[in-house]
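Per-entry structural report
What follows is the residue order along each chain.
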Amino acid sequence: MTIPSTSTQRVIIIGGGISGLAAARELSKDPNTHVTLLEARNRLGGRIVTHRNLISKDLELSGQVPAGSSDLVYDFGASWIHGVDPVNPLYEIAQTGQMEYVHTDSDIMFKQPGSIPMPGEESDRLWQVVWDILDKAQEYSAENRDEIPEDKSFKEWLTEYLEKEVQSTDPEGENYLEEEVRKWVPGLSMYWADENAIPVERVSMKWMDAEDIFPGDHSLVINGFDRVVKVVSAGLKSNVRVLLEHVVEKIEYDETEVRVSTSQGLFTADKVLCTLPLGVLKAQHTTLFHPQLPTPKQLAIERLGFGTMYKILLFFPKCFWPLNKHFINFLPSALTVPSSDLVAHFSLNEKQVEALTVYMQDLANYSSLMPQYNIPILVGYATNRAAELMERLSDEEARMVYVCQMAHYFPILLQQDEKNEEGELVGKALWPTVSHMSRWNQDPFARGSYTSIPVHASQKDLEVFDIPVGARSYGPLNGGNDCEDENGRDLKQRLVSVDDADYGRIFFAGEHTSPSRFASVHGALLTGQREAAKILDQRPLLG
């Protein structure tokens, strides 16, 4: 298959996520550019996936899920607008798409199994301490970057800070922090690392301040993040064709064109914009590109982090947690280990126990959908190793892991009877029988959720994608089989990849290519627009 060559330039976009769609929309404004967008899935959106028919009406009427569940709209991928402000490019899209969102800022926090939640004032105080320390960490990173070793983690810095900078003896002294608060800081600090889907011991201290956050609230979209996809897709003009279920298998390029082999045929074009997620590039870049990418890009792909954010929806028959709280957090400590009695009570197998153990040693947390939907549904989260272990379980196995974890803190789940004296559901009658979970780590077209900068990586690894890739050919000398480059070095291959801002044919977009707005939908959107502008502005290609 060949893209019609009647237009000035032919562009293939690989990936129909938000960066690919944003680029296609911008490129379609030029009538002399013909675009073919190849998407492996049977839908557009990539890591934006909204479920509007998760629960059938019949299932709801059967009583297995709470009333209202069939009307639920839920996002298993991107679900937050990070910075509700006109400077955020998602803001205008949200207005156009009539997106509804809420600011979520209330929580309850448990210190250890068997305890009651912290008083609100105590948890608020702990959160404020952690935010202040995170601010100090980012300031330290910005002010001391040249002196910070590449292998220094945030966890290492935090340990040193609490030992050397903080004191618990003089309430009137500098950097005073009461011991009871101080001992919980490391556990709650995992929240920041978990939100970025990277273990706290892997977070690069050197680049703690790399992400540039838009002003405004961080808000949860409650009527579907797919509205972003619909708004951007609506801007595509007739010079863009979208082909679904086309899995890209090989990208070959030389000085004259690019050839993209897919599960449904071969496509050729002048330029290619690759928006494959970093997780896919990590798994396939050495076999996908011919010739292989320049060394700086290969090293960046290998060094950057790409973690998994796991979600599981638990449909409870009634709410037994505080109605008006958005989040429930469980601090990790030496005591947060699975109870052997509870493991037996819930008949957990070996795989479930491993997942539960890792999860409880992390900052276990849930969000409640009661404030938004008035439906007793909890969303359980897991990241990193815990996420990978959860995804290896069946839906039922994972569901019982989460119910067992909750039972360590909510004894109502363990009562022998199914109703108390007031006729309210208790014990096994409260256990959910329906759940739905994400599997981004196992998804071959994602292989994770989003990008981070771990130790040994740097912001420069995100910047290397800014320059497109071209190829140089070296013909044989005197009819022989050997070749030499311009420096006289022997080359055994005819084609060599090079970073080439002027004549490069392979461009890159996606959240992993944004040096300061990675791990976000707005970052992905901006990179798509950025690369479209480069493609349109690039001088005419030779060949």
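Small disclaimer: the values here were computed from a predicted structure and weren't measured.

Procedures and definitions
Residues numbered from 1 in each chain as written. Predicted model: local features only at pLDDT ≥ 70, side-chain atom pairs only at ≥ 80, totals over all residues. Heavy atoms only, no water. Helix = DSSP H or I, 4+ residues; strand = E, 2+ residues; numbered from the N terminus. Rg over C-alpha atoms; globule rule 2.2 N^0.38 Å. Buried < 20%, exposed > 50% of the residue type's maximum accessible area, 1.4 Å probe, protein only. Areas by Shrake-Rupley, 256 points an atom, 1.4 Å probe, with all protein chains shown as cover. Lys, Arg positive; Asp, Glu negative; His and termini not counted. Charge placed at Lys NZ, Arg CZ, Asp CG, Glu CD. Pairing = 2+ DSSP bridges. 1 Å grid on protein atoms, 1.4 Å probe; cavity = no way out; pocket = protein on both sides within 12 Å on 5 of 7 lines; lining within 4 Å. Points joined across faces, edges and corners; volume = space filled by probe spheres on them. Nonpolar A, V, L, I, M, F, W, Y, C, P; charged D, E, K, R; others polar. Axes fitted to C-alpha atoms, helices over the stretch in contact; angles between N-to-C directions. Parallel < 35°, antiparallel > 145°, perpendicular 65-115°, else oblique. Left-handed = near helix turned anticlockwise from the far one by under 90°. Contact = heavy atoms within 4.5 Å. Polar contact = N/O pair within 3.5 Å; in protein donor to acceptor, adjacent residues only side chain to side chain. Salt bridge = Lys/Arg side-chain N within 4 Å of Asp/Glu carboxyl O. Core = buried A, V, L, I, M, F, W, Y, C linked by side-chain atoms within 4.5 Å. pLDDT = per-residue confidence, 0-100. Phe/Tyr/Trp six-rings, centres within 6.5 Å; stacked < 30°, edge-to-face > 60°. Lys NZ or Arg CZ within 6 Å of the ring centre and 35° of its normal.

A few words now on the overall build of the protein chain. Helices and strands together make up the secondary structure of the protein chain, namely 17 helices and 26 strands. Its C-alpha atoms give the protein chain a radius of gyration of 26 Å, near enough to 24 Å, the size a compact globule of 543 residues would have. When each of the 543 residues of the protein chain is scored for burial, the buried share is 56%. Of the roughly 23,300 Å² of accessible surface on the protein chain, a fraction of 48% belongs to carbon and sulfur atoms. If the 50 positive side-chain charges of the protein chain are averaged to one point and the 78 negative ones to another, these points end up 6 Å apart.

The strands that make up a sheet are held in pairs by hydrogen bonds between backbone atoms, and each pair lies either parallel or antiparallel. Pairing within the open sheet is mixed, and its 4 strands lie in the order β12-β11-β10-β14. Only two strands of the sheet have a single partner each, and these edge strands are β12 (265-269) and β14 (289-290). Of the strand pairs in this sheet, strand β10 (residues 248-253) and β14 are connected by 2 bridges, and their pairing is parallel. Bridging from a neighbouring strand, isoleucine 251 pairs with phenylalanine 289 of β14.

The next thing to look at is empty space enclosed by the protein. Taken as a whole and judged by the stated rule, the model has 2 cavities of 30 Å³ or more. Taken as a whole, the largest cavity holds about 90 Å³ of empty space. In terms of lining, the largest cavity is formed by 13 residues, of which the most central are Trp80, Leu220, Ser367, Gln372 and Tyr381. Of all elements in the fold, only β18 (364-368) and β19 (377-383) reach the threshold of two or more residues within the lining of the largest cavity. Approximately 40 Å³ is the volume found for the second largest cavity. Tyr74, Asp75, Ser79, Leu220, Val221, Ile222, Gln372 and Tyr373 together form the lining of the second largest cavity. Along the lines of polarity and charge, the residues of the lining of the second largest cavity split into 5 nonpolar, 2 polar and 1 charged.

With that out of the way, let us pick up the packing of helix α4 (residues 120-143) against helix α5 (residues 154-164). Two elements in contact, α4 and α5, have axes whose closest approach is 11 Å; the angle formed by their N-to-C orientations is 110 degrees. Here α4 lies roughly perpendicular to α5, going by the angle between them. Viewed along their axes, α4 and α5 form a crossing whose handedness is right-handed. Every residue of α5 that contacts α4 at Ile133, Leu134, Lys136, Ala137 and Tyr140 is listed here: Phe154, Trp157, Leu158, Tyr161 and Leu162. Each residue belonging to the contact of α4 with α5 can be placed in one class, and the counts come to 9 nonpolar, no polar and 1 charged.

Okay, the environment of arginine 25 next. Along the chain, arginine 25 falls in helix α1 (residues 18-27). The class of arginine 25 is buried, set by a relative accessible area of 17%. Distance from arginine 25 to leucine 236, taken between C-alpha atoms, is 4.9 Å for residues 211 residues apart in sequence. Ignoring sequence-local partners within four residues, the contact set of arginine 25 consists of Val231, Val232, Gly235, Leu236 and Gln529.

Turning next to the sheet that holds strand β7 (residues 107-110). Read from one edge of the open sheet, 6 strands run β7-β17-β18-β19-β16-β20, paired in mixed fashion. The open sheet has two free edges, formed respectively by β7 and β20 (435-437), since each of these has just one partner strand. Neighbour-to-neighbour, the strand axes of this sheet turn through a mean angle of 20 degrees, independent of strand direction. By the bridge criterion, 7 bridges tie strand β16 (residues 309-315) to β19 in an arrangement that is antiparallel. In the sheet register, lysine 311 faces β19, and the bridge partner there is tyrosine 381. Running over the sheet, α4 touches β7 and β17 (327-330) and is turned about 90 degrees from β7.

Right, let's get into the side chain of glutamine 459. Tracing the backbone shows glutamine 459 in the loop between β21 (450-452) and α16 (460-463). Within the local environment of glutamine 459, its side chain forms a polar contact with the backbone oxygen of alanine 210, the two atoms lying 3.4 Å apart. In this structure glutamine 459 touches Trp207, Ala210, Ile453, Pro515 and Ser516, once residues within four positions along its chain are discounted.

With respect to the helices, strands and loops of the structure, serine 520 is situated in the loop between β26 (506-508) and α17 (521-537). Here histidine 522 takes part through its side chain, which lies 3.1 Å from a polar atom of the side chain of serine 520.

A few words now on the pattern of salt bridges. Opposite charge on two side chains lets them pair, provided their charged atoms get close. The full count for this structure, using the stated rule, is 26 salt bridges. Between lysine 534 and glutamate 531 there is a salt bridge, with its nearest N and O atoms 2.9 Å apart. Of this pair, lysine 534 and glutamate 531 both sit in helix α17, 3 residues apart, roughly one helical turn. With relative accessibility at 22%, the residue lysine 534 sits in the partly exposed group. Three or more residues are tied together by salt bridges with common partners; here these are Lys111, Glu122, Glu180 and Lys183.

Take the nonpolar core next. Of all hydrophobic cores here, the largest spans 57 residues; its most connected members are Phe289, Leu313, Phe315 and Ile506. At 4 residues, the largest contribution of residues to this core is made by helix α9 (residues 278-288). In this structure, leucine 313 is in contact with Leu54, Leu72, Tyr74, Phe76, Ile377, Leu378, Val379, Val434, Ser435 and His436, ignoring residues within four places of it in sequence. By size, the runner-up hydrophobic cluster in this structure holds 43 residues, among which are Tyr310, Leu356, Met370 and Met437.

What follows is about the confidence of the model for the protein chain. Summary statistics for the protein chain give a mean pLDDT of 92 and a share of 94% for residues scoring 70 or more. Every residue in residues 2-6 scores below 50 in pLDDT, and together they form 14 contacts with partners more than four places removed in sequence or on other chains.

Right, let's talk about the packing of aromatic side chains for a bit. What characterises a pair of aromatic rings is the spacing of the ring centres plus the angle enclosed by the ring planes. Taken as a whole and assessed by the stated rule, the structure comprises 24 aromatic pairs. When the ring of phenylalanine 320 is compared with that of tryptophan 321, the centres are 5.0 Å apart and the planes differ by 85 degrees; the resulting orientation is edge-to-face. Neither residue differs from the other here; phenylalanine 320 and tryptophan 321 are each classed as buried. Note on tyrosine 366 and tyrosine 402: the rings are 5.7 Å apart at their centroids and 90 degrees apart in plane angle, and the pair reads as edge-to-face. You can see tyrosine 366 sitting in strand β18 and its partner tyrosine 402 sitting in helix α15 (residues 395-407), a full 36 residues away along the chain. Since its relative accessible area comes to 0%, tyrosine 366 is described here as buried. Residue class for tyrosine 402 comes out buried when judged on its relative accessible area of 0%. Site record: aromatic cluster; members linked through ring pairs are Phe110, Tyr310, Phe316, Phe320, Trp321, Phe330, Tyr359, Tyr366, Tyr402, Tyr409 and Phe410. Seen from the ring of phenylalanine 214, arginine 517 lies directly overhead, with NZ or CZ sitting 3.8 Å from the centre.

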